[in-house]
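Survey of secondary and tertiary structure
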Amino acid sequence: MSARLDARYRDRAVNSLGDTEIDVLVIGGGVVGAGAALDAASRGLSVTLVEARDFAAGTSSRSSKLIHGGLRYLEQLDFWLVREALKERGLLLHRLAPHLVRPVSFLLPLRHRVWERAYIGAGVALYDTIGGARALPMHRHLSRTRALELAPALREDALTGAIRYFDAQVDDARHTMMIARTAAGHGATVLTRTKVTALLRDGARVVGAEVTDLETGRVHAVRARRVISATGVWTDEMNRMTGVEFPFHVRMSKGVHILVPRHRLHLDTGLIMRTEKSVLFVIPWHGHWIIGTTDTDWSLDKDHPAASDADVRYLLDQVNRVLREPLTRDDIVGTYAGLRPLLSGASADTATLSREHAVAEPAPGLFVIAGGKYTTYRVMAADVVDAAVAGLGRAVAPSVTEHLPILGAVGYQELAADLDSLAQRTGLPRATVQRLLGRYGSTITDLFDLIAREPELGEPLTGAPEYSGAEVVYAVTHEGALHLDDVLTRRTRVSIETADRGLAAAPGVARLIGAHLGWDAAATEREITRYRDRVHAELAANQAADDESANAARLIAVA
């Protein structure tokens with residue numbers, strides 16, 4: 001099966017919606033929805049996934065980019081959750097997605113002598129062994145002198161010593177999209193810009209959904225033996241659409257991150273620090289540091305959560321407590337806000353709500369998955385498909401995704417071991433080939449083919465020289481991108497990695513992708529204007545004093 005998601009794929013897929021009854025309709029194109037589509041398709045079921053916006057447009061593109069067990073969950077004695085997440089971390093690192101998931105080092109500064117080292121050291125030792133033993137290097141205890149050699153940016157009085165440990169990181173949006181492409185390769189139909197507007201019923205049973213193609217306005221009735229809702233923070237909207245009471249609800253917690261240039265902090269490792277409310281990460285990210293996150297209740301717009309001035313100031317204040325040279329707003333080149341879907345609990349503090357997941361069948365034929373962590377998406381997907389296929393009326397194979405590499409994984413290690421000859425053969429700098437391998441894995445050969453046919457596509461993008469024309473063209477010819485924002489925000493990370501948020505790159509990128517998406521001059525200009533308006537709205541939100549005013553500023557541009 002082809003995993004090439006181009007315009008022709010989409011036309012065929014949309015036109016075939018509703019032709020026959022399928023086994024499973026998945027609603028939601030985040031990491032859990034994409035994972036559920038892959039899980040079901042790899043069991044031999046007929047599957048369609050529909051997503052109202054883009055793959056990973058919500059929570060799944062706005063995380064801390066970490067694949068981890070969560071050290072703080074050990075302190076909450078949630079050993080089962082940590083063990084499960086660390087097992088998944090090992091699978092992703094070494095079997096499922098070694099091209100997309102890689103180790104990252106963290107320094108955990110200690111402020112108190114003796115007791116803190118013993119207390120936290122015991123927790124990190126447990127973290128190294130339960131579920132993830134030997135997946136990554138073991139932690140090490142460091143003196144203050146050694147810690148400052150690794151992290152000269154820290155003030156001497158900010159620590160008495162430190163513990164260094166390892167976790168893993170991922171480009172969450174690309175990982176989600178690659179899971180969707182893998183599902184397509186196993187026969188699933190995966191569609192973005194297709195919104196569920198109603199559920200189809202046969203008495204009390206849900207037997208499909210009414211789906212609107214947002215690109216054309218056409219409405220399709222998709223009949224399915226089972227419907228899976230993996231809608232994250234939109235779970236309660238599905239509740240209302242169903243008309244029955246769900247056994248759980250989802251609360252939203254807003255997490256904000258900022259990006260600063262790599263040269264601005266003299267660190268040879270990431271950092272993790274305790275705050276009064278949660279933890280703060282400083283995470284290496286290519287030529288930048290990601291600093292986050294906040295953890296505050298959010299009850300405003302779900303599609304476009306906004307980072308306010310208060311959020312940005314909080315992050316700067318927290319990180320500056322330990323830095324020799326404080327960061328300022330002028331150092332920030334990117335900001336993003338995401339919403340965590342937390343299962344409702346008795347506590348009013350979102351930091352204490354459950355990160356575990358739940359599966360329910362609120363109406364016959366409809367299965368809902370909610371909660372969880374990005375790291376455990378595969379387990380969540382398998383659990384909801386297991387629930388859905390029980391009683392399907394025929395034998396269905398168990399989940400195989402624990403053994404199923406994601407697109408680009410097979411052959412990646414061999415290519416990575418041959419970097420020098422790859423660079424020589426393609427004429428690209430070694431560093432460029434290495435970066436592309438970390439984004440595309442073995443599908444890098446598709447980009448090489450594009451550049452061989454059109455050598456100018458190998459040139460850096462104006463306004464975003466870390467990326468090439470081949471990458472943005474590939475986003476629309478293979479990766480399902482339909483709009484300028486899809487390319488600049490999720491297929492690449494231009495929107496958070498450049499100081500102008502991608503405004504200089506937007507015109508050139510729009511012209512390149514427009515040629516493959518059938519845009520005329522007017523359509524190209526509309527895309528540029530829409531993207532420009534979105535950037536200005538987000539920047540205005542970052543200056544707003546509080547959530548309400550930031551939300552109002554962001555909604556001026558709804559793209």
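In this text, all values refer to a predicted model and were calculated from it rather than measured experimentally. (Residues numbered from 1 in each chain as written. Predicted model: local features only at pLDDT ≥ 70, side-chain atom pairs only at ≥ 80, totals over all residues. Heavy atoms only, no water.)

**Quick look at empty space enclosed by the protein**
One water molecule sets the probe size; rolling that probe over the atoms shows where empty space is left. One pass over the structure, following the stated rule, counts four cavities of 30 Å³ or more. Taken as a whole, the largest cavity spans an internal volume of roughly 90 Å³. In this structure, the largest cavity is lined by 13 residues; those nearest its centre are Leu5, Arg10, Thr192, Gly480 and Leu482. Where the lining of the largest cavity is concerned, the elements lending two or more residues are helix H1 (7–15) and strand S7 (189–191). Per element, the largest residue contribution to the lining of the largest cavity is three residues, and it comes from H1. Among the residues making up the lining of the largest cavity, the classes are represented as nine nonpolar, two polar and two charged. Each of domain 1 (7–60 + 174–248 + 345–403) and domain 3 (454–557) accounts for three or more of the residues forming the lining of the largest cavity. In this structure, the second largest cavity occupies an estimated 80 Å³ of space. (1 Å grid on protein atoms, 1.4 Å probe; cavity = no way out; pocket = protein on both sides within 12 Å on 5 of 7 lines; lining within 4 Å. Points joined across faces, edges and corners; volume = space filled by probe spheres on them. Helix = DSSP H or I, 4+ residues; strand = E, 2+ residues; numbered from the N terminus. Nonpolar A, V, L, I, M, F, W, Y, C, P; charged D, E, K, R; others polar. Domains from an automatic or database assignment.)

**With respect to the pairing of strand S20 (residues 464–468)**
The pairing of strand S19 (residues 460–461) with S20 spans two bridges and is antiparallel. The partner of Leu461 across the bridge, within S20, is Ala464. What sits between S19 and S20 in their antiparallel hairpin is a turn of two residues, with Gly463 showing a positive phi close to 90 degrees. (Pairing = 2+ DSSP bridges.)

**A closer look at the pairing of strand S1 (residues 22–27)**
Regular strands place their side chains on alternate faces of the sheet. In terms of burial, S1 is largely enclosed, as six of its six residues are buried. Here five bridges tie S1 to strand S10 (residues 219–229), and the two strands are oriented parallel to one another. Among the inter-strand pairings, Leu25 is bridged to a residue of S10, identified as Val227. With four bridges connecting them, S1 and strand S2 (residues 47–50) associate as parallel partners. Looking at the pairing, Leu25 lines up with Thr48 of S2. In this fold, S1 hands off to helix H2 (residues 31–42), which returns the chain to S2; that crossover is right-handed. (Buried < 20%, exposed > 50% of the residue type's maximum accessible area, 1.4 Å probe, protein only. Right-handed = clockwise from strand over helix to strand, strands pointing away.)

**A short note on the domain arrangement of the protein**
Each domain of the protein was delimited in the assignment, giving domain 1 (7–60 + 174–248 + 345–403), domain 2 (97–170 + 251–340) and domain 3 (454–557). Between the C-alpha centres of domain 1 and domain 2 there is a distance of 33 Å. Listed as interface residues are 14 residues of domain 1 and, on the opposing side, 16 residues of domain 2. Of the roughly 1200 Å² buried between domain 1 and domain 2 on both sides combined, carbon and sulfur atoms contribute 59%. Seen at the junction of domain 1 and domain 2, the total is one salt bridge. Between Lys302 and Glu237 there is a salt bridge, with its nearest N and O atoms 3.0 Å apart. Across the domain 1-domain 2 interface, the total number found is four residue pairs in polar contact (both at pLDDT 80 or more). (Contact = heavy atoms within 4.5 Å. Buried area = accessible area lost by both parts, 1.4 Å probe. Salt bridge = Lys/Arg side-chain N within 4 Å of Asp/Glu carboxyl O. Polar contact = N/O pair within 3.5 Å; in protein donor to acceptor, adjacent residues only side chain to side chain.)

**Some remarks on helix H8 (residues 235–242)**
Three or more residues of H8 are buried, namely Thr235, Asp236, Met238, Asn239 and Thr242. Each buried residue of H8 lies within a common arc of 155 degrees when the element is viewed along its axis, so the set occupies one face. On the buried face of H8, the contacting elements are S1, strand S8 (194–202), S10, strand S11 (250–261), strand S17 (357–363) and strand S18 (366–371). Immediately beyond the C-terminal end of H8, within one or two residues, lies Gly243, with a positive phi of roughly 85 degrees. (Arc of directions from axis to C-beta.)

**Quick look at the confidence of the model for the protein**
For the protein, mean pLDDT is 94; residues scoring 70 or higher make up 97% of the total. Across residues 345–354, confidence stays below pLDDT 50; counting only partners more than four residues off in sequence or on other chains, it has 21 contacts. (pLDDT = per-residue confidence, 0-100.)

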